[in-house]
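Summary of structural features
Residue strings, one per chain:
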Amino acid sequence: MSISVCDTFSRCISGLDLADLVVNADLLQLSCDAIEDLHAETNPHQQLSSTLSVRHKLVQQSNCTIIAFATSPLCTKDHILQGGDLVSSSTLKEQKFPLFDFLRSNGNPSFSILRVAINLFKDYFPELSQLKDQIHDSTTEELLVNSRLIVTGHSLGGTVASLFTLWLLDNIKKTAGRNQLPFCITFGSPLIGDQGLQRAISEHSQWNSCFLHVAAFKDLSPRILITSQPNPQYKPFGTYFFCSELGCNCVDDPEVVSRLLKSTITPVSAEEMGIDDYSGTVKHLKSGLIMKDNSQLGQPVTPSLRPGMILQLKAIGFEITAQQQNNSINDLISELERHENQMAQQMKAIDLNEKLNMVKIRMAYLEWYKKDCKAKGAGYYDSYKNLSCKRDREVTKHKKVLSDYWKKLVEDFERKPQKEGAFMRETWLFAGTNYRRMVEPLDIAEYYRQTGKRDYLTHGRSRHYILLEQWQKEQTEKLAGPPNDKKKQSVAGILTEDSCFWMKVEEALISCKLLRDETSSTSEKQSAREFLNTFEQYVMDQINNYAVSPEIFLEKSSFTKWWKDFQGIIETSHNSPLTDFMKKGSYLQYKRGQF
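Model, not experiment: these values are computed from the prediction.

Helix and strand content of the protein chain: 28 helices and 11 strands. Looking at the protein chain as a whole, 52% of its 595 residues qualify as buried. Considering only contacts within the protein chain whose residues lie at least 6 apart along the sequence, 77% involve residues at least 24 apart. Of the accessible surface of the protein chain, which amounts to about 28,100 Å², a share of 49% is contributed by carbon and sulfur atoms.

This part covers the pattern of salt bridges. Under the definition given, this model contains 25 salt bridges. The salt bridge involving D372 is made with R391; its shortest N-O contact spans 2.2 Å. Of this pair, D372 sits in helix α17 (residues 352-375) while R391 sits in helix α19 (residues 390-415), and the two are 19 residues apart along the sequence. Within the structure, one salt-bridge network assembled from shared partners comprises D372, K376, R391 and D392.

This brings us to the side chain of S258. Relative to the elements of secondary structure, S258 occurs in helix α12 (residues 254-263). S258 sits in the buried class, given a relative accessible area of 10%. If we ignore the near neighbours within four places in the chain, the residues touching S258 are I226 and P236.

Bringing the side chain of T152 into the picture now. As for its position among the elements, T152 is in strand β7 (residues 148-154). Look past the residues within four positions of T152 in its chain and what remains in contact with it is S31, I35, I66, I67, A68, F69, A161, I185 and F187.

A separate point is the pairing of strand β1 (residues 53-60). Alignment of β1 against strand β2 (residues 64-72), held across 8 bridges, turns out to be antiparallel. From the neighbouring strand, H56 faces β2, where its bridge partner is F69. Connecting β1 to the antiparallel partner β2 that follows it, the hairpin turn spans 3 residues.

This part is about the sheet that holds strand β10 (residues 239-243). To summarise the sheet geometry, strands pair through backbone hydrogen bonds and adopt either a parallel or an antiparallel arrangement. The mixed open sheet is built from 7 strands, whose spatial order is β1-β2-β7-β8-β9-β10-β11. Both edges of this open sheet fall to β1 and β11 (248-251), since each of them pairs with a single strand only. Taking each pair of neighbouring strands and ignoring which way they run, the sheet shows an average axis angle of 20°. Across 6 bridges, β2 lies against β7 in parallel orientation. When the bridges of β7 are listed, I67 appears paired with V151.

Burial analysis of β2 places 9 of its 9 residues in the buried class, which makes it a mostly covered element. Where burial is concerned, the two faces of β2 agree: the one with C64, I66, A68, A70 and S72 and the one with T65, I67, F69 and T71 are both buried.

Attention now goes to the packing of aromatic side chains. As enumerated under the stated definition, the model contains 36 aromatic pairs in all. Summarising the aromatic geometry, the rings of F211 and F237 are spaced 5.1 Å apart at their centres and angled 85° between planes, so their arrangement reads as edge-to-face. Remark: F237 occurs in the loop between α11 (224-227) and β10 and F211 occurs in strand β9 (residues 211-216); sequence separation between them is 26 residues. Taking NZ or CZ as reference, K132 lies 5.4 Å from the ring centre of W167, over its face. In this structure, R449 is placed above the aromatic ring of Y384, and the distance from its NZ or CZ to the ring centre is 4.9 Å.

Turning our eyes to something else, we now look at unusual backbone geometry. Here the amide bond leading from S72 into P73 is cis, since omega sits at -5°, within 30 degrees of zero. Phi at Y546 is positive, roughly 50°, even though this residue is not glycine. By the secondary structure assignment, Y546 is in the loop between α25 (522-544) and α26 (558-569). Judged by relative accessible area, which is 1%, Y546 ranks as buried.

So, about the packing of helix α7 (residues 115-123) against helix α9 (residues 156-171). As a packed pair, α7 and α9 sit with axes 9 Å apart at the nearest point and diverge in direction by 65°. Here α7 is positioned roughly perpendicular relative to α9, judged by the angle of their axes. Crossing of α7 over α9 shows right-handed handedness. Of the residues in α9, those in contact with V116, A117, I118, L120 and F121 of α7 are L156, T159, V160, L163, F164 and W167. Split into classes, the residues belonging to the contact of α7 with α9 amount to 10 nonpolar, 1 polar and no charged.

So, about helix α22 (residues 463-476). Its 14 residues give α22 an end-to-end C-alpha distance of 20 Å, which sits within 8% of 20 Å, the value for a rise of 1.5 Å per residue. Burial in α22 covers these residues: H464, Y465, L467, L468, E469, W471 and Q472.

Here we take up the confidence of the model for the protein chain. Here the protein chain averages 83 in pLDDT, while 80% of its residues score no lower than 70. Averaged pLDDT values over the elements of the protein chain bottom out at 45 in helix α1 (residues 5-9) and peak at 97 in strand β4 (residues 112-114). Here residues 1-14 is a poorly scored stretch, pLDDT under 50, and it has 31 contacts once near neighbours within four places are set aside; other chains count. This model gives residues 289-304 a pLDDT under 50, and the stretch forms 19 contacts once residues within four places in sequence are excluded.

In this section: the environment of A547. Relative to the helices and strands, A547 resides in the loop between α25 and α26. Residue A547 is classed as buried on the basis of its relative accessible area of 3%. The spatial distance from the C-alpha of A547 to the C-alpha of D498 is 7.6 Å, given a sequence separation of 49 residues. Ignoring sequence-local partners within four residues, the contact set of A547 consists of I494, L495, T496, E497, Q542 and Y590.

So, on to α9. Taking 1.5 Å per residue as the helical rise, α9 with its 16 residues ought to reach 22 Å, and the 23 Å between its terminal C-alpha atoms agrees with that figure. A large share of α9 lies buried, amounting to 15 of its 16 residues.

Axis separation between helix α24 (residues 501-516) and α25 bottoms out at 9 Å; the angle between their running directions is 145°. The element α24 and its partner α25 pack so that their crossing is left-handed. The segment α24 lies against α25, with F501, K504, V505, E507, A508, S511, C512, L514 and L515 engaging K525, A528, R529, F531, L532, F535, Y538 and V539. Each residue belonging to the contact of α24 with α25 can be placed in one class, and the counts come to 12 nonpolar, 1 polar and 4 charged.

Rules used throughout
Residues numbered from 1 in each chain as written. Predicted model: local features only at pLDDT ≥ 70, side-chain atom pairs only at ≥ 80, totals over all residues. Heavy atoms only, no water. Helix = DSSP H or I, 4+ residues; strand = E, 2+ residues; numbered from the N terminus. Buried < 20%, exposed > 50% of the residue type's maximum accessible area, 1.4 Å probe, protein only. Contact = heavy atoms within 4.5 Å. Areas by Shrake-Rupley, 256 points an atom, 1.4 Å probe, with all protein chains shown as cover. Salt bridge = Lys/Arg side-chain N within 4 Å of Asp/Glu carboxyl O. Pairing = 2+ DSSP bridges. Axes fitted to C-alpha atoms, helices over the stretch in contact; angles between N-to-C directions. Phe/Tyr/Trp six-rings, centres within 6.5 Å; stacked < 30°, edge-to-face > 60°. Lys NZ or Arg CZ within 6 Å of the ring centre and 35° of its normal. Parallel < 35°, antiparallel > 145°, perpendicular 65-115°, else oblique. Left-handed = near helix turned anticlockwise from the far one by under 90°. Nonpolar A, V, L, I, M, F, W, Y, C, P; charged D, E, K, R; others polar. Expected span 1.5 Å × (residues − 1). pLDDT = per-residue confidence, 0-100.

Now the structure itself:
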């Protein structure tokens, strides 16, 4: 039976249904078998050694390629606890091992990894590099296997499997589909990182669904780092497959996973389970016991999500009696219920991609508004600033929706790991630049509509505009050059490239006013003259590059108003490229792309 489990994780199906599917996909059993074979091949002398080492095995199956990791000697809770502290990303960099630095981003600048796991990875790095070269082409950034790649490991071998998978994910071509990504299955693996690592993986568009962590109900290893410390910093990521001989369930909400890891173990029930124990559980589940308990629950009708919560807890081994439901177990069920309700509320929010069509419609409205204002002799900037009719007020609604959309999108890009964030920015950059050039002038108009306002860049500009502009400049810096004929021919319909152009016009108007005002101080007048000199040069540079819309020369525009004010205060001997351009009426040729 060939099933793309990673694809299935991206769909909204229940944990019980997903658990049933994963068991029947054979991937769990094949992974267990590969790890068991690796253990069987281990040299007896290695098992007697006191020093942990890592071994791997590559197995080719009919429907998948499996890489299994195991430690020698077999890992115990003492191995985990002795290396159970966290190593920060900054420390790794100081140790000249910044391999996982790609997980950092502006919004998530640091993370930490389980020391015993990262030390094993570092010690085994030459062999891991050879293994990576064997299955991955660094030139094409594609995997060199003909079937789905499964990376698996038990206990600390599972931590190495997770880190190796993350390393692969960073090196695989960013346009790769889900079926081309490795899929990591761990058995009884301890948690390997803090909230920074969890956030870096969870906020990645595809990576989180590439991890399935199998945790048996009585296995101590997956829980040891959060049950042995008073304030544990370890956090889960990916999907967790909780199982027992009674049944199983899949959970991907990290808060719920943490709560279940803490609540489903007691000192009395704690065990260290080997891969053979997991293999036996998987075989037992597949034999038909999964979900057979549904009809035996006999639960009374209870409100909200409670029956489902009880069913899920029973499926992973909880023995729930009527008395327990009235006591401590009630708190756990209630907390799970709260998380489910929160997730349901989040799902109601419109997805960014689903909003894209609506965003396009609102941008189209602003395009129409821009053309309509131009036909009436005032650019859309000045029309919106003056709010002379109902149509102008309608624009505010469209502007707010567009800004909310792009603020959220930019925030998401910034939180993503560095390479993923850069790829996403490039993908959306054209639309983001178009939005910024269309909408930011409206924010500037709104800002200077208020009497006495100055310095929009410092006091009014939203950070998402700054980032969009920064990313656009980084992307187009290499393309900088003189305007080509195509740009000249299309100048009549362009948006002004500098989305802060109108801010500079407003500051120029204020500078003219300061020069005319007899109460202005000498320093204020000096500053105003310096600004106007700079502004003249700036405008002429924009014109020479065909970077401003001809709308700035409309009779009712703020720029035309500035020019008239400026003429009234400059000396007759004043001469500059811009004054020459304006006095000769060269803007008429500019509108036709013939300047």
